[in-house]
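Architecture and fold: a report
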Amino acid sequence: MHRAGPTLRRLAKYGIVLGGGTCILAWASMQDSEMPNVSATAFEDQMKYAWSPLPTRQNMIDSLKKDEFDVLVIGGGATGCGVALDAVSRGLKTGLVEKFDFSAGTSSRSTKLIHGGVRYLQKAVFNLDIEQYRMVKEALSERANLIQIAPHLAYPFPIMLPIYKYWQVPYFWAGIKTYDVIAGKQLLKPSYYLSKRKALELFPMLKKEKLVGALVYYDGQHDDARMNIAIAISAARMGGTMTNYTEVVKLHKKKDASGKEVVCGARVKDRQTGEEFDVKAKCVINATGPYTDNIRLMDNAEERKICQPSQGVHIVLPDYYSPEKMGLLDPSTSDGRIIFFLPWQKHTLAGTTDSSCDLTDSPAPTEKEIQFILNEVKNYLHPDVEVRRGDVLSAWCGIRPLVSDPNKKDTQSVARNHIIEVAADNLITIAGGKWTTYRHMAEETVDKAVEVCSLKPPKPCQTKGLLLDGAHGWTPTLFIRLVQDFGLESEVAQHLANTYGDKAFKIAKMSSLTGKRWPIIGKRLHDDFPYLEAEVRYAVREYACTAIDIIARRTRLAFCNANAADEALPRVIEIMAEELKWNKSRQQEELTSARAFLRREMGLDLGSGTSNIPINFTKDEINMYVKRFKSLDRDNKGYISVNDLRRYFKQTGERVTEDQLHDILSEVDLNRNAQVDLGEFLQLMSALKSGAVANSRFAMAAELSAEKIPVDRSGGGV
């Protein structure tokens, strides 16, 4: 082990204990050259807040009521939280209000990439567009910074560009190498070319017919919702007043010393209690993404709209659709768009579409967009990989806030980068941009606020290299400590370390005993996922207020598998009820609301995939399926009920709970009348045959029942 350098001495000064073990941080094993690029003074400032306790949400609400802020930020997405972190780290008194949860909107529904924008580079080169070039260079710089300040959440990620025409090899090679060159010293890893054989070794699911070879380049990947929350929590630890479920209902104005009318705060509503109160601020910043115009028009009803909402749909498929550590880029889909096909959270993520839409609080995917993505994916995969509609585990839609620059005369042109607008009354609006460049956008916004509102921050911008919550003591081997010190499963330990960083020890300490020899602690919310019950309790301390906050953002269960999220909901609500003292009525409200969210926003209503599939069977097939139907409907009622299923499972000796029985029935019960008639049964069989539904326990029961239980009744097939 190397000698203790200045890094170790600085860390030891704070005597931080990880997991109740030693006083030396995991970072002590790193060389000083590997440390983030921050000065000794800046590093010590960071360590002061890294482990400071979080105020409660009620503390935050009380602060909003009584304090006057230098900066009040409206919007708790990546940009809004980034602005708040920038302002508070400069020493400005900062507050933030968010109508829903942190990252509830677009910021949790991205493609999960931290990228410079390969397609923007293509436009910059062919159109000799200096603005596009600068945007790519800025994004590549911010990409490197984000991976540095949150190494537990973001990491370099290889993406394959398959090539099917020989002339494309030098064309794409030149483009990707230019991408590397522009990154300069902040290059993650150099790109490289692969022969056909090597490409198929790394991506065996790839269609091999006419494949020439492939290029592999590197961008970053992250958990977008957790990254957003880490930014918010970092700001809170530094003294920022960060409140979710707090809605601005009115902007307040006053006349300054020169007689000019300026924004001086807002009337806000606590959506958890219904209470309204006033918040005072010297500067108000509108960072509301797709809701940009709502706040601008609240400020001045005469303003023209600048935001053009555009929706993008993503779908999640099982892990076997892609390699574990290699993504895929389709640079030219059938309609000219780009599709990414990426491993994420041990699943496969595919998207995105891009179409204009109306602004809504509950954006929903459509069947047409899901089918478009599936068809595009099918074009790149080996024929052995049957791309089935029934394999779609979750589907979601995010609204991207495209903006036209109000400072330009051409009102039709859409800004390629972000824009900052200063209204006549000093309301500052930051809009557009993308996830990767949130920090740079925030820096420019706070610079503008300081200039326009005559703020006097004690320090300049601090966020370049400013470590986010969980990064200070994280190392790639931290999960081993969790396994050895607490008796967690390795998969669970890796999930905790790569989600919470050095704060993973807090969740481990909150975890309950399993009652098993191994793992010793760590009860899961769902058997198929590494999320723990203790994470729900920890999330409440990080301002989770609803069950949707847990299944969608504090864990990614809803995004990975909507059905699994539905199965975990009762236990999630039970734990939250203990933490937040919910009565039975509130618990039922949460269950109803969360299930409505899963049905509408996570594609669960579209998930059955059976109602729109035409029934197309031969006579022999119809006779076979009628026989299976009758094998379960032994009383010749004309429908199958939960009692029929109960009797079948009792005869087979398989133990099935009442909840499971109803779930099996509901997967086929399109009419939601607790009965499955012959038409619904044939619809399911047709969906299974077409691949729209991947599997069905109900159908399996019918098939086995027909084989094992004799049916001796008159009557034949249709």
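Residues numbered from 1 in each chain as written. Predicted model: local features only at pLDDT ≥ 70, side-chain atom pairs only at ≥ 80, totals over all residues. Heavy atoms only, no water.

1. Comments concerning the packing of aromatic side chains
Condition: Aromatic pairing here means that ring centres of Phe, Tyr or Trp (its six-membered ring) are within 6.5 Å. Orientation follows from the plane angle: under 30 degrees is stacked, over 60 is edge-to-face, and everything else is tilted. Every helix listed is a DSSP run of H or I at least four residues long, and every strand listed is a run of E at least two residues long, numbered separately from the N terminus. We call a residue buried when its accessible area falls under 20% of the maximum for its residue type, exposed when it is over 50%, and partly exposed in between, using a 1.4 Å probe and counting protein chains only.
Enumeration according to the criterion identifies ten aromatic pairs in this entry. Ring geometry for Tyr179 versus Tyr217: centroids 5.8 Å apart, planes at 85°, classification edge-to-face. Taken together, the positions of Tyr179 in helix H7 (residues 168–183) and Tyr217 in strand E6 (residues 213–222) put the pair 38 residues apart, joining distant regions of the chain. Of the residues examined, Tyr217 reaches a relative accessible area of 0% and is grouped as buried. Relative to Tyr438, the ring of Trp435 lies with its centre 5.7 Å away and its plane at 75°, an arrangement referred to as edge-to-face.

2. So, the UniProt feature "domain: EF-hand" (unreviewed entry) in the chain
Rules: UniProt positions are given in the numbering used here, feature names are shortened, and annotations may be inferred rather than shown by experiment.
Under the present numbering, the feature "domain: EF-hand" (unreviewed entry) in UniProt falls on residues 620–655 and 656–691. Measuring from the first to the last C-alpha atom of residues 620–655 gives 33 Å, for a span that is 67% helix and 6% strand.

3. Thoughts on helix H9 (residues 224–237)
Rules: Multiply 1.5 Å by the residue count of a helix minus one, and that product is the helix's expected span.
Over its 14 residues, H9 extends 20 Å from the first C-alpha to the last, a length consistent with the 20 Å expected when each residue adds 1.5 Å. With 14 of its 14 residues buried, H9 lies for the most part within the structure. The first or second residue beyond H9 is Gly239, which carries a positive phi of 110°.

4. Description of the nonpolar core
Put simply, the rule is: The criterion is simple. A nonpolar core is a set of buried Ala, Val, Leu, Ile, Met, Phe, Trp, Tyr and Cys residues joined through side-chain atoms within 4.5 Å. Here, residues are in contact when the closest pair of their heavy atoms is within 4.5 Å.
In this structure, Met227, Met242 and Leu468 are the most contacted members of the largest nonpolar core, which totals 50 residues. Contributing elements (two or more residues each) for this core: strand E1 (68–74), helix H4 (78–89), helix H6 (130–149), H9, strand E10 (276–286), strand E18 (428–431) and helix H12 (438–452). When residues of this core are assigned to their parent elements, the largest contribution, eight residues, is made by H9. If we ignore the near neighbours within four places in the chain, the residues touching Leu468 are Leu85, Ile149, Ala150, Met227, Ala230, Ile231, Ser234 and Tyr438. With 36 residues, the next largest nonpolar core counts Ala547, Ile551, Ile573 and Trp582 among its residues.

5. Let's talk about the pairing of E18
The following threshold applies: For two strands to be treated as a pair, DSSP must find at least two bridges joining them.
Because side chains alternate across E18, one face comprises the buried residues Ile428 and Ile430, and the other comprises Thr429 and Ala431, equally buried. Across two bridges, the pairing between E10 and E18 is parallel. Looking at the pairing, Asn286 lines up with Thr429 of E18. The pairing of strand E17 (residues 419–422) with E18 spans four bridges and is classified as antiparallel. Residue pairing across strands places Glu421 opposite Thr429, the latter belonging to E18. With antiparallel pairing between neighbouring strands as the criterion, E17 and E18 make up a hairpin whose turn holds five residues, including Asn426 at a positive phi of roughly 75°.

6. Some points on the environment of Gly433
Here Gly433 is to be found in the loop between E18 and H12. The class for Gly433 is partly exposed, based on a relative accessible area of 28%. Through-space distance from the C-alpha of Gly433 to that of Arg400 is 9.6 Å; in sequence the pair is 33 residues apart. Beyond its immediate chain neighbours, meaning those up to four positions away, Gly433 contacts Asn417, His418 and Met441.

7. Considering the packing of H4 against H9
This is how the line gets drawn: As a rule, the C-alpha atoms of each element are fitted with a line to give its axis, helices using only the stretch in contact, and angles between N-to-C directions run from 0 to 180 degrees. Any angle that falls under 35 degrees is termed roughly parallel, while one over 145 is termed roughly antiparallel, one within 65 to 115 roughly perpendicular, and all others oblique. In this scheme, a crossing is called left-handed if the near helix is turned counterclockwise away from the far one by less than a right angle; it is called right-handed if the turn is clockwise. Only Asp, Glu, Lys and Arg are considered charged in this grouping, and only Ala, Val, Leu, Ile, Met, Phe, Trp, Tyr, Cys and Pro are considered nonpolar; every other residue, Gly among them, is considered polar.
In contact at an axis separation of 9 Å, H4 and H9 are set at 25° when each is read in the N-to-C sense. Looking at the two axes, H4 sits roughly parallel to H9. The element H4 and its partner H9 pack so that their crossing is left-handed. The segment H4 lies against H9, with Ala78, Cys81, Gly82, Ala84, Leu85 and Val88 engaging Asn228, Ile231, Ala232, Ser234 and Ala235. Per-class residue counts for the contact of H4 with H9 are eight nonpolar, three polar and no charged.

8. Regarding the side chain of Thr514
Condition: In protein, a polar contact requires one atom able to donate a hydrogen and another able to accept it; more generally it is a pair of N or O atoms within 3.5 Å, and residues adjacent in sequence count only if both atoms are side-chain atoms.
Along the chain, Thr514 turns up in the loop between helix H15 (504–510) and helix H16 (533–541). For Thr514, a relative accessible area of 18% gives the class buried. A polar contact of 2.4 Å, which involves the side chain of Thr514, links it to the backbone oxygen of Pro519. Filtering out sequence-adjacent residues up to four positions away, Thr514 remains in contact with Pro519, Ile520, Ile521, Gly522 and Lys523.

9. Side note on the state of the cysteines
Here is the rule we go by: By disulfide we mean two sulfur atoms from cysteines, separated by a distance within 2.5 Å.
The final tally for this structure, using the stated rule, is zero disulfides. The structure places no disulfide on Cys397, whose sulfur is separated from the nearest cysteine sulfur, that of Cys357, by 6.2 Å.

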